[in-house]
Amino acid sequence: MTGDVLPCFDAFNMVLPEDASCIITVPITIDIASNHGVIVAAKTGILERTYSLCLVENLLQKPTVKEIVENQALLPDGRTLLDTGIIAVRGKAWFELLKLSSSSEAMILELLKSRTEMSLYEELVAAWVPAKHEWLKHRSLGKELLSGLGNQTMFSYCAYDLSFLHFGTSSEVLDHLGSGSGLVGRRHLCSIPATTESDIAASAIILSSKISPGVSVGEESLIYDSSLSGGIQIGSHCIIVGVNIPRGIKDLSMGDLFRFMLPDRHCLWEVPLVGRTEKVIVYCGLHDNPKVSLSNGTFCGIPWKNVLQDLAIQESDVWNSSGMQEKCLWNAKIFPILPYFEMLSLGTWLMGLSNQENKSMLPLWRSSHRISLEELHRSIDFPHLCLGSSNHQADLAAGIAKACINYGLLGRNLFQLCEEILQNEVSGVKICNEFLALCSSTQAQNTRSLPKSRAYQVQVDLLRACGEEMRACSLERDVWGSVANETALAVKYGYADHLLESSDGESLLENGKNSLEEFVDHSFYLRRARVEFPVRVDFVGGWSDTPPWSLERSGCVLNMAISLEGSLPVGTTVETTMTSGVLICDDTENQLYIDDPTSISTPFHNDDPFRLVKAALLVTGAIHDKSFSSMGLEIRTWSKAPRGSGLGTSSILAAAVVKGLLQIMGGDDSNENVARLVLVVEQIMGTGGGWQDQIGGLYSGIKFTSSFPGVPLRLQVFPLVASSQLVSELEQRLLVVFTGQVRLARQVLQKVVIRYLRRDNLLISSIKRLTELAKIGREALMNGDLDELGDIMLEAWRLHQELDPFCSNEAVDRLFAVADRFCCGYKLVGAGGGGFALLLAKDIGSAKELRQVLEEASDLDVKVYNWNIFLG
């Protein structure tokens, strides 16, 4: 991928040829195509709804409309194929390209010696297109390219749903970043003074820059990687890149502080040069075309004729009269290399803005060493440019991080800022160590308003930035302990000290007061409880239910309770026994007898098969019930769903055990209480799940659930009263399929939670969008619109892949590729990574056809389950 096009596409859905090169194209109108590369593809090939795959017959570079028509490049709809700048080379074609590159040292040396250019999109690609072979023979090293690559062919993969932005000119950059695009934030990694000390337009885009008081920036201007001192005025629709105007520059003629103004619609760059300590300042008009000839071209928006006449400059001052090149801005020796103040002064003069007469400025300009854009192109000191940019961004990040720690509540992504700070190899680690020392005081000052989990995560990130990996790993335990503690406090303020008691006797909870008196009646009766629950499938909203998100922000989930193969898959029996102690048995014939239940303590080992029941005993307070001094419990659990199903079986089983224990003890076994208690069970188990799984099993049917942060955490469940027609259609169109891939939610969940604790902006915006989709999905179901629900499922699946790129895998991708033509929506349930998939067919007929395809597919190790909505 290269060039000046920024594409947006789904690479996973591309069906590329195995042993050939392939150029990715997109249909475009011919007025746009005439400024780009155009591909002429064969009229036959693979023609699908979302793509076509055809042989490339010819390549056209910036063709006229006449050339497009003559070369039969027009599509039936009047458009043509645009070269996006993306090339895939696979199999034999890739092998031949590697073979050529491994033996190309002499070729490269010859290119360097002759100072000729070889273009990826002309010479190299032409070797794969027979129609260009004759042309290629006459190009530099063309015969060598033909010998190495000429036996292969090239395909055009036309992606109908690919969108792109073209960044070919400065004006296009501003167009894409314009006020209505919403494609970029207006501010990022920048330092900006108060509105009373500067005049910066709200629509201006300030990226990786420091603006001092006294600076003015006009509407929709872009300031990037720059530092602007007081007295600088930037007009509207300007672009400033890499400019570092030092403080305190004085006008030598006047003795006052120098003031510099860049007019509307201008560009300004500052560029380091190879072999020079000075940088050169370059400027031009936003719409100047460097390659347009002297007679028609402009400089700083003014026709060349007027520029030369107004400034008394001769053509021979700017261009070499003996040269054969056409005179234009590209080869105009107009930019002086001088001390900074003099360069800025001459820039003001060349732009026609100086009050000083030509007689004072012209001699200075004529006597200076000057450079053209063409020479600049060959003379940029890229290592110096990159180092300066990195150090500049590191300094900005350090300032922002320091302000965040000193004045804020650690609301910034300190992990990301540390990455920026460490770009400064000289002082980066030292700065991170200084911030680490500041963290403890920030935490002490904000004990009530700053979650400990967030404070600990910041310290973990700073320790890693300082190279203290051992200490960081040790402190991570406090991160997860704090999440568990905060969850327990949100469920019920003032839980008992014993609830999250660790093995060394230290409580992981603060403010522990008394037992669950509000929840549990400790009078005991000889009783037996049997609890069976459905499993849940979620349409959209997952992750917004997970602590610490749900403890700090609102969450919304749309899910549904279902039975599998005609039965409720998850259940438990809890009964009292005449002998003391607790006997735990599961459906895999594992069993454990605990003689003294009060010996149960956290943390539990990840491989402990009984930790769920142990956690439930802790959370309900059953192990401290005085009745168990003379009597005991027998707890049996089962789950008929496959392991790692993603159907919420762990949380739902925990809900069953908690509910069973509370029924035995005469406690509050209401669904809302059980749902909140299971949150604590998940935290002390170390699995860290949210509330949607237990809600999905505890409440029948389809429901939309919202959570509201606070103490206690509030849940509101809104059952969707579905018509019999909707229930019937949904049960016939929705396939519930086990992918054969076992998922481990805990591993996925920890990655996502850490990103949230770091305040990852992309993750936060993705989860916010999932909550919005849950609300839209609720309306779609209430209106009986299953097709819209399918669109929502697809968007939710894309967002889940952003949250965790490993939530899919090759087997899942194959399943969805097979299902795509039958479905209006699909996704994995739960956190992803495997387990069950939901496939929502376009209609009942498509569902039947898809089921048959899946049951007969030998290359897909999947199972389609019979299911029904559990309506209670």
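Everything quoted here is computed from the prediction, not taken from an experiment. (Residues numbered from 1 in each chain as written. Predicted model: local features only at pLDDT ≥ 70, side-chain atom pairs only at ≥ 80, totals over all residues. Heavy atoms only, no water.)

## A short note on the overall build of the chain
The helix and strand tally for the chain stands at 29 helices and 38 strands. With the C-alpha coordinates aligned to their principal axes, the bounding extent of the chain is approximately 110 × 70 × 50 Å. Out of the 872 residues belonging to the chain, those deemed buried represent 54%. Counting every atom, the chain has about 39900 Å² of accessible surface; 51% of that belongs to carbon and sulfur. Across the chain, the centroid of the 76 positively charged side chains sits 2 Å from that of the 102 negatively charged ones. (Helix = DSSP H or I, 4+ residues; strand = E, 2+ residues; numbered from the N terminus. Buried < 20%, exposed > 50% of the residue type's maximum accessible area, 1.4 Å probe, protein only. Areas by Shrake-Rupley, 256 points an atom, 1.4 Å probe, with all protein chains shown as cover. Lys, Arg positive; Asp, Glu negative; His and termini not counted. Charge placed at Lys NZ, Arg CZ, Asp CG, Glu CD.)

## Quick notes on helix H14 (residues 382-407)
With 26 residues, H14 should reach 38 Å at 1.5 Å per residue; the first-to-last C-alpha distance of 37 Å fits that figure. Of the positions making up H14, those classed as buried are Ser389, Ser390, His392, Gln393, Ala394, Leu396, Ala397, Ala398, Ile400, Ala401, Cys404 and Ile405. The N-cap residue of H14 is aspartate 381: its side-chain oxygen and the backbone nitrogen of histidine 384 are 3.2 Å apart. (Expected span 1.5 Å × (residues − 1). Polar contact = N/O pair within 3.5 Å; in protein donor to acceptor, adjacent residues only side chain to side chain.)

## Notes on a nonpolar patch on the surface
The grouping of Val65, Val69 and Leu74 at the surface amounts to a nonpolar patch, some 220 Å² of accessible area in total. Relative to the helices and strands, leucine 74 resides in the loop between helix H2 (65-70) and strand E6 (80-89). Judged by relative accessible area, which is 32%, leucine 74 ranks as partly exposed. (Patch = residues over 30% accessible without salt bridge, like charges linked within 9 Å, V, L, I, M, F, W, Y side chains within 5 Å. Salt bridge = Lys/Arg side-chain N within 4 Å of Asp/Glu carboxyl O.)

## Observations concerning the sheet that holds strand E11 (residues 205-207)
Here we have six strands laid out as an open sheet, ordered E9-E11-E14-E17-E19-E20, and mixed in their pairing. Here the strands that pair on one side only, and so sit at the sheet edges, are strand E9 (187-188) and strand E20 (279-285). As judged from the three bridges shared by E11 and strand E14 (residues 222-224), these two strands associate in the parallel manner. Bridge pairing in E14 links isoleucine 206 to isoleucine 223. Lying over the sheet, helix H11 (residues 340-350) contacts strand E19 (266-272) and E20, oriented at roughly 15° with respect to E20. (Pairing = 2+ DSSP bridges. Contact = heavy atoms within 4.5 Å. Axes fitted to C-alpha atoms, helices over the stretch in contact; angles between N-to-C directions.)

## Considerations on the packing of helix H20 (residues 611-620) against helix H21 (residues 649-665)
Contact geometry for H20 and H21: axes closest at 9 Å, N-to-C directions at 45°. Classified by the angle their axes make, H20 and H21 are oblique. Considering only the axes of H20 and H21, their crossing is right-handed. Residues Leu612, Val613, Ala616, Leu617 and Thr620 of H20 pack against Ser650, Leu653, Ala654, Val657, Val658, Leu661, Leu662 and Met665 of H21. In terms of residue class, the contact of H20 with H21 is built from 11 nonpolar, two polar and no charged. (Parallel < 35°, antiparallel > 145°, perpendicular 65-115°, else oblique. Left-handed = near helix turned anticlockwise from the far one by under 90°. Nonpolar A, V, L, I, M, F, W, Y, C, P; charged D, E, K, R; others polar.)

## Considerations on the sheet that holds strand E30 (residues 591-594)
Taken together, five strands build an open sheet; the order of strands is E25-E28-E31-E29-E30 and the sheet is mixed. Strands with a single pairing partner mark the edges of an open sheet, and in this sheet they are strand E25 (528-533) and E30. Each neighbouring strand pair of the sheet contributes to a mean axis angle of 10°, computed without reference to strand direction. Two strands pair when backbone bridges link them, and strand E28 (residues 570-577) and strand E31 (residues 632-639) are joined in this way by eight bridges, in the antiparallel orientation. Opposite valine 570, over in E31, you have serine 639 as the bridge partner. Lying over the sheet, H20 contacts strand E29 (581-585), E30 and E31, oriented at roughly 130° with respect to E31. Across the sheet, H21 touches E25, E28 and E31, and the angle it forms with E25 is around 155°.

## Points about the pattern of salt bridges
Counting across every chain of the model gives 29 salt bridges. Note that glutamate 270 and lysine 279 form a salt bridge whose closest N and O atoms lie 3.8 Å from each other. When its relative accessible area of 6% is taken as the criterion, glutamate 270 is described as buried. You can call lysine 279 partly exposed: its relative accessible area is 27%. Salt bridges sharing partners connect three or more residues here, namely Arg536, Asp538, Asp693 and Lys827.

## Some points on the nonpolar core
As a rule of thumb, nonpolar side chains are buried together in soluble globular proteins. Ranked by size, the top nonpolar core spans 134 residues in total, and within it Phe539, Met560, Leu617 and Leu730 carry the most contacts. A per-element tally of this core places H21 first, with 11 residues. In this structure phenylalanine 539 touches Leu558, Asn559, Met560, Leu730, Leu734, Leu781, Leu789, Met793, Ala796, Lys827 and Leu838, once residues within four positions along its chain are discounted. Grouped together as the second largest cluster of nonpolar side chains are 64 residues, Ile205, Leu308, Ile337 and Leu338 included. (Core = buried A, V, L, I, M, F, W, Y, C linked by side-chain atoms within 4.5 Å.)

## A short note on the confidence of the model for the chain
Summarising the model, the chain shows a mean pLDDT of 87, and 92% of its residues fall at 70 or more. Throughout residues 493-524 the model reports pLDDT below 50, and contacts reaching past four residues in sequence, or to other chains, amount to 83 contacts. (pLDDT = per-residue confidence, 0-100.)

## Observations regarding the side chain of aspartate 804
Looking at the secondary structure, you find aspartate 804 in the loop between helix H27 (786-803) and helix H28 (810-819). For the buried aspartate 804, no salt bridge is present, and the opposite-charge side chain at shortest range is lysine 751, 4.2 Å distant. Residues contacting aspartate 804, with those up to four places away along its chain left out, are Val748 and Lys751.

## A short note on the pairing of E20
Along any regular strand the residues' side chains alternate between the sheet's two faces. For E20, the tally of buried residues reaches six of seven residues, placing the bulk of the element in the interior. Two elements, E19 and E20, share seven bridges in a ladder whose sense is antiparallel. Note on E20: the bridge partner recorded for cysteine 267 is cysteine 284. Linking E19 back to E20 in an antiparallel pair, the connection comprises six residues, with glycine 275 at a positive phi of about 80°.

## Observations concerning the packing of aromatic side chains
All told, the structure shown has 13 aromatic pairs when counted by the stated rule. Between tyrosine 283 and phenylalanine 335 the ring centres are 5.3 Å apart and the planes differ by 80°, which places this aromatic pair in the edge-to-face class. In this pair, tyrosine 283 is assigned in strand E20 and phenylalanine 335 in strand E23 (residues 335-337), connecting sequence segments 52 residues apart. Each member of the pair, tyrosine 283 as well as phenylalanine 335, is classed as buried. (Phe/Tyr/Trp six-rings, centres within 6.5 Å; stacked < 30°, edge-to-face > 60°.)

## Topic: the packing of helix H15 (residues 414-421) against helix H17 (residues 452-465)
Packing of H15 against H17 brings their axes to within 9 Å, and their N-to-C directions diverge by 20°. One finds that H15 runs roughly parallel with respect to H17. Where H15 crosses over H17, the handedness of that crossing is right-handed. Mapping the contact onto sequence places Leu414, Phe415 and Cys418 in H15 and Arg454, Val458, Asp461, Leu462 and Ala465 in H17. Looking at side-chain class alone, the contact of H15 with H17 contains six nonpolar, no polar and two charged residues.

## Some thoughts on the environment of arginine 265
Along the chain, arginine 265 falls in the loop between strand E18 (260-262) and E19. In the structure, arginine 265 is positioned 296 residues away from alanine 561 in sequence and 60 Å away in space, judged by C-alpha atoms. Not counting residues within four places of it along the chain, the set of residues in contact with arginine 265 comprises Ser236, His237, Cys238, Gly285 and Leu286.

## Digging into unusual backbone geometry
Here the amide bond leading from proline 547 into proline 548 is cis, since omega sits at 5°, within 30 degrees of zero. Position of proline 548 among the secondary structure elements: in the loop between strand E26 (535-540) and helix H19 (549-552). A cis amide bond links threonine 602 with the next residue in sequence, proline 603, at an omega value of 0°. With respect to the helices and strands, the residue proline 603 is situated in the loop between E30 and H20.

## What to know about the state of the cysteines
One pass over the structure, following the stated rule, counts zero disulfides. Free of any disulfide, cysteine 158 has its nearest cysteine sulfur in cysteine 54, 8.3 Å distant. The closest cysteine sulfur to the non-disulfide-bonded cysteine 404 is located on cysteine 439, 8.7 Å from its own sulfur. (Disulfide = S-S within 2.5 Å.)

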